[in-house]
Amino acid sequence: MARRVSTLISPLLLLGGCVLLTGCSGSEAARAFGLERSMPDEYTVTTRAPLSMPPMDELAKPVSGAERPQDESERLQALETLSPDVALHGESGSNSDGQSMLVTEASQAADAPDQGELGQAGSGFVEQLMFWKGGKAGAVVDADEENRRLKTNAALGKPPTHGVTPTQRAPK
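Residues numbered from 1 in each chain as written. Predicted model: local features only at pLDDT ≥ 70, side-chain atom pairs only at ≥ 80, totals over all residues. Heavy atoms only, no water.

Student: Help me get a handle on the overall build of the protein chain, residues and values and all.
Tutor: Secondary structure summary: the protein chain contains seven helices and zero strands in total. Counting from the amino terminus, the protein chain carries its helices and strands in the arrangement α-α-α-α-α-α-α. The buried share of the protein chain, taken over its 172 residues, is 5%. Contacts in the protein chain between residues far apart in sequence, at least 24 positions, make up 27% of those at least 6 positions apart. Counting only carbon and sulfur atoms, one obtains 60% of the accessible surface of the protein chain, whose full area is about 16,100 Å². (Helix = DSSP H or I, 4+ residues; strand = E, 2+ residues; numbered from the N terminus. Buried < 20%, exposed > 50% of the residue type's maximum accessible area, 1.4 Å probe, protein only. Contact = heavy atoms within 4.5 Å. Areas by Shrake-Rupley, 256 points an atom, 1.4 Å probe, with all protein chains shown as cover.)

Student: Explain the pattern of salt bridges to me, using residue names and the numbers behind them.
Tutor: Counted by the stated rule, this structure contains two salt bridges. Arginine 148 serves as the salt-bridge partner of glutamate 145, at 2.4 Å between the closest nitrogen and oxygen. With glutamate 145 and arginine 148 both in helix α7 (residues 143–156) and three residues apart, the pair spans about one turn of that helix. The exposure class assigned to glutamate 145 is partly exposed, which follows from its relative accessible area of 37%. Of the residues examined, arginine 148 reaches a relative accessible area of 48% and is grouped as partly exposed. In this structure, glutamate 146 and arginine 149 form a salt bridge, with 2.8 Å as the shortest nitrogen-oxygen distance. Of the two residues, glutamate 146 and arginine 149 both sit in helix α7, three residues apart, roughly one turn of that helix. For the residue pair glutamate 146 and arginine 149, the accessibility class agrees, reading buried in each case. (Salt bridge = Lys/Arg side-chain N within 4 Å of Asp/Glu carboxyl O.)

Student: Before we move on, could you go through the side chain of glutamate 146 and cite the residues and values that matter?
Tutor: Note on glutamate 146: relative accessible area 15%, which makes it buried. Residue contacts for glutamate 146: discarding those within four places in its chain leaves Val141, Thr165 and Pro166.

Student: Requested: an account of the environment of glutamine 77, with residues and values cited.
Tutor: Here glutamine 77 shows up in helix α3 (residues 74–82). For glutamine 77, a relative accessible area of 23% gives the class partly exposed. Here the alpha-carbon distance between glutamine 77 and threonine 47, two residues 30 residues apart in the chain, equals 9.9 Å.

Student: A description of the confidence of the model for the protein chain should follow, citing residues and the corresponding values.
Tutor: When the pLDDT values of the protein chain are averaged, the result is 75; 71% of them are 70 or greater. α7 holds the highest mean pLDDT among the elements of the protein chain, 93, whereas helix α6 (residues 125–130) holds the lowest, 68. (pLDDT = per-residue confidence, 0-100.)

So, in structure tokens, the structure goes:
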């Protein structure tokens, strides 16, 4: 009897689930099951200024609906979006002290003669790594001598990096 009831309930549950899901469109069902990401609208997202310590211990009581002085106005945000100069210079149009110092130092660096630090082939660190030449590059370590050196260092209490790593001589 119990087996007969379970064989009837399974198809009924499956049929009921199908009927319920027919009311959902493809995108709604995918969003409901977490298969589709819901992205926020980039035009409605606003940024908030970070929290900071007040200048004194006594805090003013919050007022509902009061303007937050640390937040930028929506008008200024729109101006900064449309014109990057507003973000750099502010509404007054003048550079800050830090911006003036940066521009001055950058122009002095641009006017200075080339010292060969950048752009000269063969002088940079990356050039040395990529185009190394000569020396003992590619030498093969003599395993037996290296093992003896490491054991001697360990017995004497010296670090493993003490001493020269023995290499095999290339046959001539």
